[in-house]
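The primary structure of each chain is shown beneath.
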Amino acid sequence: ELLEPTRWSGWGVDPGNSRFQPKPGLTADQVPSLELKWAFAFPNGTSAYGQPAVSNGRVFVGSDNGYVYALSAKTGCVYWSFQAQAGVRTAVSLGALGTPVTGPDAAQATFAAYFGDLKGNVYAVNADTGALIWTKRADPHPLTRITGAPTLADGRLYVPLSSLEEGAGANPNYECCTFRGGVVAYDAKTGAEVWRV
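Because the structure is a prediction, the values reported are computed rather than measured. (Residues numbered from 1 in each chain as written. Predicted model: local features only at pLDDT ≥ 70, side-chain atom pairs only at ≥ 80, totals over all residues. Heavy atoms only, no water.)

1. Here's the deal with the side chain of Asn126
For clarity, the cut-off: By the criteria applied, helices consist of DSSP H or I runs no shorter than four residues and strands consist of E runs no shorter than two, each listed in order from the N terminus. In protein, a polar contact requires one atom able to donate a hydrogen and another able to accept it; more generally it is a pair of N or O atoms within 3.5 Å, and residues adjacent in sequence count only if both atoms are side-chain atoms. Residue contacts follow a heavy-atom distance rule, with two residues in contact if any of their heavy atoms lie within 4.5 Å.
Among the secondary structure elements, Asn126 is positioned in strand E7 (residues 121–126). At 2.7 Å, the side chain of Asn126 forms a polar contact with the backbone nitrogen of Asp128. Each residue touching Asn126, except ones within four places of it in the same chain, is listed here: Trp80, Thr110, Phe111, Ala131 and Ile133.

2. Here's the deal with the packing of aromatic side chains
Rules: For this analysis, a ring pair means two rings from Phe, Tyr or Trp (six-membered ring only for Trp) whose centres lie within 6.5 Å, classed as stacked if their planes differ by under 30 degrees, edge-to-face if by over 60, and tilted for the remaining angles. Burial classification: accessible surface area is computed with a 1.4 Å probe over protein chains only, and a residue below 20% of its type maximum counts as buried, one above 50% as exposed, and the rest as partly exposed. Only lysine NZ and arginine CZ atoms are considered, and such an atom sits over a ring when it is within 6 Å of the ring centre and within 35 degrees of the ring normal.
For the structure shown, the criterion picks out 11 aromatic pairs. For the ring pair Phe40 and Phe42, a centre distance of 5.4 Å and an interplane angle of 90 degrees mean the geometry is edge-to-face. On the basis of relative accessibility, which here comes to 23%, the residue Phe40 falls in the partly exposed class. Each residue in the set Phe40, Phe42, Tyr67 and Tyr69 is aromatic and connected to the rest through ring pairs, giving one cluster. The residue whose ring lies beneath Arg58 is Tyr79, and the NZ or CZ to ring-centre distance is 3.9 Å. Sitting over the face of the ring of Tyr49, Arg89 holds its NZ or CZ atom 5.6 Å from the ring centroid.

3. A look at the environment of Thr178
Along the polypeptide, Thr178 turns up in the loop between helix H1 (165–168) and strand E12 (182–187). In this structure the C-alpha to C-alpha distance between Thr178 and Gly66, which are 112 residues apart in sequence, comes to 26 Å. One polar contact links Thr178 to Tyr174, side chain to side chain, over a distance of 3.4 Å.

4. Structural notes on a nonpolar patch on the surface
Just so we agree on the cut-off: What goes into a patch is any residue over 30% in relative accessible area without a salt bridge, connected to like charges within 9 Å or, for nonpolar side chains (Val, Leu, Ile, Met, Phe, Trp, Tyr), within 5 Å. The Shrake-Rupley method, run with a 1.4 Å probe sphere, supplies the accessible areas, and residue values consider only the shown protein chains as cover. In what follows, salt bridge is the name for a side-chain nitrogen of Lys or Arg lying within 4 Å of a carboxyl oxygen of Asp or Glu.
Side chains of Leu26, Val31 and Leu34 sit close together on the surface and give an oily, nonpolar patch of about 290 Å² of accessible area. Looking at the secondary structure, you find Leu34 in the segment before strand E1 (53–55).

5. What to know about the sheet that holds E7
We apply this condition: Here, any two strands with at least 2 DSSP bridges between them count as paired. What counts as an axis is a line fitted to C-alpha atoms, over the stretch in contact for a helix, and the angles between N-to-C directions run from 0 to 180 degrees.
What the four strands build is an open sheet, ordered E5-E6-E7-E8; its pairing is antiparallel. Every other strand in the sheet has two partners, leaving strand E5 (93–96) and strand E8 (132–137) as the edge strands with one partner each. Each strand axis lies, on average, 20 degrees off the axis of its neighbour in the sheet, ignoring direction. With five bridges connecting them, strand E6 (residues 111–116) and E7 associate as antiparallel partners. Within E7, the residue paired with Ala112 across the bridge is Asn126.

Laid out in structure tokens, this is it:
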């Protein structure tokens, strides 16, 4: 099974965004003794916006040049890389493709890494191989971008929408205020849109 119970997924680790990691966890007294084990330089990149996700000895992280990487947590070596259509600012959310699987069928489950890009595209890629499972354009507005981490819960992927319209509004020829934020829910397995607000 690719994902073990003690992991960090997405922005807040769980659907409630508690940002609490009970195990292994660190105490304040342990922080000064931490040492750098390895570092990873994003090839041709200048920034990494979203925090990494960690599961089963892998670190999943995106960069401003549109690549998402799966790295070895022990060595920093690359398992795979995936090129999105634009920079990836979101944290990567990890989970079973579709409804969570338990029991004897859990070993056969496919796990996915979910993220969005700065052109408003949403992706599901195989967390083990980096192969594209599905991608969707979250909103037709040309300035749509996804900066908040998608959240996976009960077989659905919830994606927050934002835009860069405030920058375009400085242009006197731009018809301002044509975008509004929102949330889109997708079937996590197929990418089919369930609803939007």
